[in-house]
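An overview of the molecular structure
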Amino acid sequence: MSDLDERVCWTVSTAISTLSTEAVSPSTAVFLATHAPLRIRRRDPQLLEGVAGAVVTEEDVLQDFLNRSPGNGALLMPVIGESGTGKSHLVRWVHERTSRMPVDHRVIIHIPKASTSLRALVRILLERSDIHSEKLTQLRNQVDDLASGMDEKALQRHLLFALAEAITGAQPGSDPSRRALVSQGKLAEVLRDVTVGHHLTDDPGSLIPRLAASLLNDRGDGESDRPTQFTPEDLPHISDVSEAAQRVRSLLTLIMSRPELQTAAADLITENLSTAVQQVFKLGGRLQDAMLTIREEYQRQGKELVLLIEDFAVIQGLQQDLLEVLIEAGVRDGRQIYAPVRTLMAITSGYYLTLTKTVVTRIEAATPYVYDLDTDFDADTEGRRQTEDFVGRYLNAARIGVDRLEAAGVAYNAEVPNACVDCKFRDSCHEAFGVSPSGHGLFPFNWHALRRAIRSTPARGELDTFNPRRIIGRVIRPVLEDAEDLADRRFPGSRFQEQFPLARGEDPLSPFVAVEIEKLDAVDSARRTVMLEFWGGAPAEVINLASGIHEAFAIPELNVAGRRVLEQLDDEPPRLPPKKPNDHRANWTRSLQANVKSVLEWAAGREPLEQNAAMRIRQIVGTAVMSRCDWSTPLMAEPGADIKKTAWPNASSVVSIENAAGEAQSAGAPIRFVRNQHNAVFFEHLLTLQAKADAPGNESALPRLARLAELHQPDVIAAVLRVRSAEDDRLVAALRVSLMGAALAGRAWPGMKDTELVAAAFDEGITWELGDAAIRSDRWNTALTKHRSARPAMVADLRQLLGARQGTSGLNARILDAARIMPLIRQAAADWSIAKSEAVKWYRDANAPLTKFDELVEQQNSALRVISEQLSGWIPAGVNVSETLDAVNQAFKEAKATGLLPGGEDLVAGFPAKLKAVRGRNSQVIEQVRRDLERLENAEDNEWKRIQITTAVRDRGADLGSLMAFLKECDAWLQFGLEAAAKHAGGRGEDLAEQVRKVHTEWQQIVGDMTELEKSGE
């Protein structure tokens, strides 16, 4: 057996079987062995606020209870307190004491809190061996028969219908809400509904099923207290009972819409529970009559009745009758007709306040006070001694076990054995961990650990109350169950931390100390951290505790000379070395102190990180990452402040902190901090650095901040690109818009070199003009004009997103990131179609005129076909344009000579200049149009789209339009000359006409011959 195995001075099975959290469960031996003086206050029965009352002992309670005159024959003494405070324990202790007293005139009736079944209660109350009464026997038998012939489900149904009947006959009083529910049986109708009944009984933990179970069965070990009140939360919501009758659903809708009706309904149900139980079991005042018979008989026998009720709630259903008996005066007209009755009754504080005024008045008449066990958990000298004595007794009982306690005769007032007496570790263990006033070792606790563990497990709304049941069940027992962890060097570990989260008011271990522990102890830092926080009282620096603690937990001492808990003197708490002065903190601003405190509370797991502290940390980290970005990967211009703020806000969407305020948008945050000591130290350093406060060592946070900034550069870039709609797919779309806009101006088309495409895409288009605008449609020219007006802004954005400023002169002097641009431009040029939905804000205006690009291309190619057909009529393929112009010139001269030209002198004077200008035009453009259209007609499917766009967008220049206009004009006056010549007959006019026809025929002959050649393929 290892040394650690020997130190574990209990077995888990023995400890669990011995330590019950219920006062009624332990054997008498365990009860007496673990009994420690209770903390009791004598208070005004009205429980006046601010009046704490006098502190008394349990012996004071006993003597007061037994010796106070019952006045007119009835003494009712309440013991109040919340669940688990020791009310039942006190009543049982009084029972143990009174039952051992050699007094013949007392008849003691003890109702344990486990005896909840109606059958058991009636037997305890009525089964009197010294009283022979047929009335008592019949009532006992009746309850036995009814209880044995009814299961829980049947009893639940009977209780609901009995409740409905009781509420129907209830007195509503002056409360309008109660009157509204009682009148015409409205609430009763709701309770009778089958669907509502299912809702109220389907949950085994709700009031009706638990009441039914306890009326038929005694309470088992470990079962929680039975609820005694119906609450508004127990009422069914309309959505829960959608199958209920329409009128019932309407009533429920009304009730659930008005809080005052909910409260009134719950109160009515609670008040009538006892009446319903009596109706189901056909008691109807018979118990009261039977109990008065018992008092009457004991008066004849000269005896006094002592009733000890461990939990008033367990007699639900008999409460009203029993209370009437207990407060019934025994003296009438100066004559004693009923035996005196003394009642010590444990009742929760809340339930006590609901007792009727008549009952409270009777209580006050006989006992002008109540005994209150609701006490605070205090850590002063006396509070510590009481707590250590209480815990020490239970630890001792767990070590010894119920069998040895009973064998030692503890149930018969023998001395309780002390398990520490024969332990070989006794001296070192007591010195290290402490010992209770009764001599019981506190191992594995010491006072620091015990105090912190108790305060970390408060009942709801009872942060600093002393609750024995809670201490047994949630502090002592869980730690004793960790015996295997202790023996295997795993205690205290993560499970201990989970069981005992640090309470408010207890200093957490400084994150700086926790981080230093990790540096000094690479093997057992986690356990050492827990040990220092709980057993060491959270010292301000890494220290060694008492050697015995290190030995017991197998956590070696560290080489930290001079750092150790000082020896414990007498009964004083362990004294730690003086904490290092933190004078520098005194000079901090209140805001900084509050933020650092919030970080410490967050690190301890007690509170979320407060909004202000979280906001500042997010701001520091987020700003550091943003300011570190050099915008070179990928290369882009640094965005403006608005873009930065939108893309990288100081919010949880960027910097997420576990369990911090303002985390609603943290799902996709790129920077995430978990709650741990390292991050707490980092946060404190950041806060003090930002505040420029005196905080030694805070500069150590800078390297980590720099690493964070470097690590998250891609996240910043991605966020900026996302906000600017500049992800790769958006950039490709924008480049495609730029290329297609350039295509409208004849500056880009499919098949161009990458470098040419880049040049076109990044050209602002300010100087662009279409040479062939005259032969293009208005739609084409309008689309180009609109695109050009929006293009400079789009190109400027492209340059910012795909390049950076070069030098200091000129806003647009930028260097482009060619390595990034080339793949994007290729993607953009792979598809020359566009959809309106693709556009985002920054290139939407430039995109809008291009949405009909395909239609524009098709219309332009159709126009080129028309032009080609017209040219074929004037200048057939293969005909020299110069020869054609010579023929036109000759025709012009003949027409002029004959006077057959239209337009008079203007045409004659202007023709030579026009002819000369046309002779200077590039006539090759005509052949280019013909070749482009021919390629388009003969294109393969995979090439057709590219050739279609190229044909349409190619700028034909101004020459084609000029040639077309000149030839069209010549054709017009030639036609005019022919028509004029036809009108002349004979003489000189006829000769002239013949000459014009001859020239025209010659031109047509040239055209006709070339056309035939084309058709024959020659």
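Up top you'll find the structure we're talking about.
So, here is what we can say about the structure in this document. (Residues numbered from 1 in each chain as written. Predicted model: local features only at pLDDT ≥ 70, side-chain atom pairs only at ≥ 80, totals over all residues. Heavy atoms only, no water.)

Another point: the packing of aromatic side chains. Any pair of aromatic rings gets described here by the distance separating the centres and the angle formed by the planes. With the rule as written, the count across this model stands at 20 aromatic pairs. Ring centres of Phe496 and Phe500 lie 4.8 Å apart, and the angle between their planes is 55°; on these two criteria the pair is classed as tilted. Taking relative accessible area as the criterion, Phe500 reaches 1% and is therefore assigned buried. Three or more aromatic residues link up through ring pairs in this structure, and these residues are Trp10, Phe433, Phe443, Phe491, Phe496, Phe500, Phe534, Trp535 and Phe553. Arg7 extends its terminal NZ or CZ atom over the ring of Phe425, reaching a point 4.3 Å from the ring centre. (Phe/Tyr/Trp six-rings, centres within 6.5 Å; stacked < 30°, edge-to-face > 60°. Buried < 20%, exposed > 50% of the residue type's maximum accessible area, 1.4 Å probe, protein only. Lys NZ or Arg CZ within 6 Å of the ring centre and 35° of its normal.)

Another point: the pattern of salt bridges. Per the counting criterion, the structure on display carries 51 salt bridges. Glu297 is the partner of Arg300 in a salt bridge, and the nearest nitrogen-oxygen pair spans 2.3 Å. Here Arg300 pairs with Glu297, and both are found in helix α16 (residues 286-301), just three residues apart, close to one helical turn. By relative accessible area, Arg300 is classed as exposed at 59%. Glu506 is the salt-bridge partner of Arg455, the closest N and O atoms lying 3.4 Å from each other. Of the two residues, Arg455 sits in helix α23 (residues 447-455) while Glu506 sits in the loop between α26 (494-499) and α27 (511-520), which places them 51 residues apart along the sequence. (Salt bridge = Lys/Arg side-chain N within 4 Å of Asp/Glu carboxyl O. Helix = DSSP H or I, 4+ residues; strand = E, 2+ residues; numbered from the N terminus.)

Once that is clear, we can look at helix α35 (residues 701-711). Considered for burial, the residues of α35 that qualify are Ala701, Leu705, Leu708 and Ala709. Mapping the buried residues of α35 onto a view down its axis gives an arc of 100°, with all of them on the same face. Counted as exposed and oriented over 90 degrees from the buried face of α35: Arg707 and Leu711. Where α35 is buried, its residues touch α32 (611-628), β11 (671-673), α34 (677-690) and α36 (713-723). (Arc of directions from axis to C-beta. Contact = heavy atoms within 4.5 Å.)

Before going further, it helps to spend a moment on the sheet that holds strand β3 (residues 74-80). The strand order across the open sheet built from seven strands is β2-β1-β9-β3-β8-β5-β4, with neighbouring strands paired in mixed fashion. Either end of the sheet is taken by a strand with one partner, and the two such strands are β2 (54-56) and β4 (106-111). When the angles between neighbouring strand axes are averaged without regard to direction, this sheet yields 25°. Relative to strand β8 (residues 341-347), β3 runs parallel, the two being bridged by seven bridges. (Pairing = 2+ DSSP bridges. Axes fitted to C-alpha atoms, helices over the stretch in contact; angles between N-to-C directions.)

With that settled, consider the environment of Thr98. Structurally, the position occupied by Thr98 is in helix α5 (residues 87-99). Along the sequence, Thr98 and Leu66 sit 32 residues apart, while their C-alpha atoms lie 8.7 Å from each other. Excluding residues within four positions of it along the chain, Thr98 makes contact with Leu62, Leu66, Ile108 and Leu308.

In contact at an axis separation of 9 Å, helix α6 (residues 118-126) and helix α7 (residues 134-148) are set at 170° when each is read in the N-to-C sense. By the angle between their axes, α6 is roughly antiparallel relative to α7. On α7, the residues that touch Leu118, Arg119, Val122, Arg123 and Leu126 of α6 are Leu136, Leu139, Arg140, Val143, Asp144, Ala147 and Ser148. Taken together, the residues of the contact of α6 with α7 break down into seven nonpolar, one polar and four charged. (Parallel < 35°, antiparallel > 145°, perpendicular 65-115°, else oblique. Nonpolar A, V, L, I, M, F, W, Y, C, P; charged D, E, K, R; others polar.)

Restricting attention to buried positions, one finds in helix α22 (residues 426-433) the residues Cys429, His430, Ala432 and Phe433. Among the structural elements, α23 and α29 (547-553) are those in contact with the buried residues of α22. Just past α22, the residue Gly434 takes up positive phi, approximately 100°.

Another aspect to go through is unusual backbone geometry. Look at the link from Phe443 to Pro444: it is a cis peptide, with omega at 10°. Tracing the backbone through its elements, the reader meets Pro444 in the loop between α22 and α23. Backbone torsion omega between Phe491 and Pro492 reads -10°, so that peptide bond is classified as cis. With respect to the helices and strands, Pro492 occurs in the loop between α25 (483-487) and α26. One non-glycine residue, Leu47, lies in positive phi territory at about 55°. Relative to the elements of secondary structure, Leu47 occurs in the loop between β1 (40-43) and β2. What makes Leu47 buried here is its relative accessible area of 14%. For Asn413, which is not a glycine, the phi torsion comes out positive at approximately 75°. Residue placement: Asn413 occurs in the loop between α21 (402-407) and α22. Among the residues examined, Asn413 registers a relative accessible area of 58% and is labelled exposed.

In terms of burial, β3 is a largely internal element, seven of the seven residues being buried. Note: β3 against strand β9 (residues 370-372), two bridges, orientation parallel. Looking at β9, one finds that Ile80 is bridged to Asp372.

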